[in-house]
Every structure is written in structure tokens, then in C-alpha cells.
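Geometric and topological summary
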Amino acid sequence: MSDVNRELLYAGKAKDIYKSENENEVIIKFRDDITAGDGAKKDTLSQKGYCNVLISAKLFKVLEENGVKTQYIELLSTDEMRTKSLEMIPLEVICRNIATGSLLKKYPFEANKELKPPIIQFDYKNDEFHDPMLNDSIIKALEIATQEELDEIREITLKINKILSDYLIERGIILVDFKLEYGKDSEGNIILGDEISPDTTRLWDSETYENFDKDIYRKGEEGVVDAYLKVVNLVLSDEEKVKWNVEQI
Ligand code: C5P
């Protein structure tokens, strides 16, 4: 899509949201920017946006095929997707199958313990307050969501966890944990939005337990985009790889 005459509605840390020519739709552009540690660490990595838009589009499609409503409409190019316009709910909905990451810093979990049932956690998407963890009472008192909406979000998140865990394990990837964001469409339905990519998930090789995700960047190691490209190769079909010029590795 041409950059001329496009109205930028919102610029996030790694994505821009543009107005679409169609009502109730927006264009999401996935940039090559990557951040960690509340924005303290920032870089631009060539092809990162390309990997994330392809992976997100694919996983949203898999979810739609399995009855989950998502924002996704279509991939427009190698860094943009057309989506439904949503009023976003300021929650980071985190689902964990294995104890790692910030969970180990805050609670006395044994590292890599399998979490059955999975943990679902709500963080407040709010940079000023550094995304604090919330509970249902605080969410309702802040008027972020009602109890019915929270129950629905939990139920959809568990369904997504099952669908994606099954899809990824067949492709040699363990879905360790992930973060989702939801919004409401013009009729008030709760719809999955944002992205599902190696920026927002932990993905481990099911044989070697090697990371294919942003932890590589968080740890200051090399090979971030190579790992993301591996995920692209593992999740896309051969036809999709040809269509989007994916280098086979
Ligand atoms: O850091 P933590 O262990 O809490 O992260 C849990 C999961 O949520 C990870 O997959 C991480 O990538 C994701 N996350 C995210 N954005 C945040 C916080 C966590 O995508 N702001």
C-alpha cells in the first residue's frame, strides 16, 4: 500500500496502525524495531517485521479455522496486514504452560516446571505504571472489563492455548508461554487482536529446547532474526513460503 495520504492512528513500540479506506478496518504495519526491558533496550533488525507479520497472519488463520474470532482479515504485503478495527482492552493476557521468565523472579517455582492447568495472568498495559499484574477486583474497580468479559477472555485464551500448542508441537515447537491482547468490535464482541509472534511468545525447539523467540534478544545474544526465520519455515505451508518469498532454511 502506498504511504501517500495514509493517516497514522497509533505508533506502538514495534507496530504502526493506519486508517484503512474501509470503514471498521485498519492496516497494521509490522516494523523492524525490537525492544526489551520496558523499552530500555531498542534495536532495528532487518526482516523482523517480515517474520512477525507472516507468523501472526498464519497463527490467526489457524485460530479462525478452529472457531476463534480474530482481528485478522488478510496479509497485504510482507509487512502489513488488514484487520478489523477494535477498541482495545488495556490488558496483557499472559498464558503459561512452563514456569520460566518473570514467573521465576517473582515466585518460588522450580525452573521449567510444567504448569497444569496453565497459568493465566492479567497485566495492565500501562507504561507509566510498568504493566503491573492485576486481579479481577482491580480490573473491575478500574472499569477495564466486567466479570463476564474476564470469564470469556479466560475461556478463549485457554482454547487458543490448546489450538496453538497442538499446531506448534506437530511442527517441532513447544508453546512455553505467550501474551495476547483483546479488543471489542463495533458490536461489542470480544475479538483477539494485536499479534502472535516470537516477540510475544516463548517458543522452544521440542528436541533441543533451544529458544526461537525474543529471549535471544533479551539475553543480548546474536541470531534473533535467524531464529524467527526458522519459525516462519516451520509454521508456513510450502505454498505460503513460495507466495511470500520465504528463504527455505
Ligand atoms: O516476561 P514474562 O515471563 O512475564 O513473559 C511471559 C510471556 O508474555 C512471554 O512470552 C513474553 O514474550 C510475553 N510478554 C509480552 N509482552 C509483555 C510482557 C510479556 O509479549 N509486555
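A brief report on the enclosed structure follows. Predicted, not measured: the structure shown is a model, and the values here were computed from it.

**Let's talk about the pattern of salt bridges**
Applying the stated rule across the entire model yields 27 salt bridges. Glu 114 serves as the salt-bridge partner of Lys 116, at 3.5 Å between the closest nitrogen and oxygen. Each member of the pair, Lys 116 as well as Glu 114, is classed as exposed. Across the pair Asp 238 and Lys 241 runs a salt bridge, and its minimum N-O distance is 3.8 Å. You can see Asp 238 and its partner Lys 241 sitting in helix α7 (residues 238-243), three residues apart, about one turn around the helix. What makes Lys 241 buried here is its relative accessible area of 7%. Through salt bridges that share partners, Lys 15, Lys 125, Lys 179, Glu 181, Asp 194 and Glu 195 make up one connected network.

**Topic: the layout of surface pockets**
In this model, the second largest pocket occupies a volume close to 230 Å³. Around the second largest pocket, the lining is made up of 14 residues, and of these Asn 97, Glu 114, Asn 161, Ser 165 and Leu 175 lie nearest the centre. In the lining of the second largest pocket, the residues fall into seven nonpolar, three polar and four charged.

**Section: the site of the ligand**
Close to the ligand lie 14 residues; Glu 92, Arg 96, Ser 102, Asp 177 and Arg 202 are nearest. Asp 177 is positioned such that a nitrogen or oxygen atom in its side chain is 2.7 Å from an oxygen atom of the ligand. Summarising the interface, the protein chains cover 82% of the accessible area of the ligand, which totals 460 Å² for the free molecule. Going through the elements one at a time, β9 (91-98), β12 (173-184) and β14 (201-205) are the ones with two or more residues in the shell around the ligand. Here the residues of the shell around the ligand are counted per class, giving two nonpolar, four polar and eight charged.

**Side note on the sheet that holds strand β3 (residues 25-30)**
The five strands are arranged β1-β2-β3-β7-β6 in an open sheet whose pairing can be described as antiparallel. Pairing within the sheet leaves two strands with one partner each, and these edge strands are β1 (8-11) and β6 (72-75). Averaged over all adjacent pairs, the angle separating strand axes in this sheet is 25°, with direction ignored. Here strand β2 (residues 15-19) pairs with β3 via five bridges, running antiparallel. Paired with Asp 16 across the bridge in β3 is Lys 29.

Definitions and limits used
- For every chain, the first residue of its written sequence is number 1, and the numbers climb from 1 along that sequence.
- Reporting of local features is limited, given that this is a predicted model, to residues whose pLDDT is at least 70; pairs of side-chain atoms are given and counted only at 80 or more, and all residues count toward the totals for whole chains, interfaces and linings.
- Based on all heavy atoms of the structure, the side-chain values leave hydrogens and waters out of the count.
- The term salt bridge refers to a pairing of a side-chain nitrogen on Lys or Arg with a carboxyl oxygen on Asp or Glu at a separation within 4 Å.
- Only protein chains enter the accessibility calculation, which uses a 1.4 Å probe; a residue is then buried when its area is under 20% of its type maximum, exposed when over 50%, and partly exposed in between.
- Numbering of helices and strands runs from the N terminus; a helix is a DSSP stretch of H or I covering at least four residues, while a strand is a stretch of E covering at least two.
- Points on a 1 Å grid over protein atoms alone make up a cavity when a 1.4 Å probe fits among them but cannot get out, and a pocket when they form an open set with protein on both sides within 12 Å along at least five of seven lines; lining residues each have an atom within 4 Å of a point.
- Grid points are joined across faces, edges and corners, and a volume is the space filled by probe spheres set on the points.
- When residues are grouped by polarity, Ala, Val, Leu, Ile, Met, Phe, Trp, Tyr, Cys and Pro land in nonpolar, Asp, Glu, Lys and Arg in charged, and all others, Gly among them, in polar.
- We call a residue near a molecule or strand whenever a single non-hydrogen atom of that residue lies within 4 Å of it.
- In the analysis that follows, any N or O atom pair within 3.5 Å is treated as a polar contact, provided that within protein one partner can donate a hydrogen and the other can accept it, and provided that, for residues neighboring in sequence, both atoms belong to side chains.
- Surface exposure here means Shrake-Rupley accessible area, sampled with a 1.4 Å probe, where a residue is shielded only by the protein chains that are shown.
- Note on pairing: DSSP must find at least two bridges between two strands before they are called paired.
- Comment: axis = line fitted to C-alpha atoms, over the contacting stretch for helices; angle = value between 0 and 180 degrees taken between N-to-C directions.

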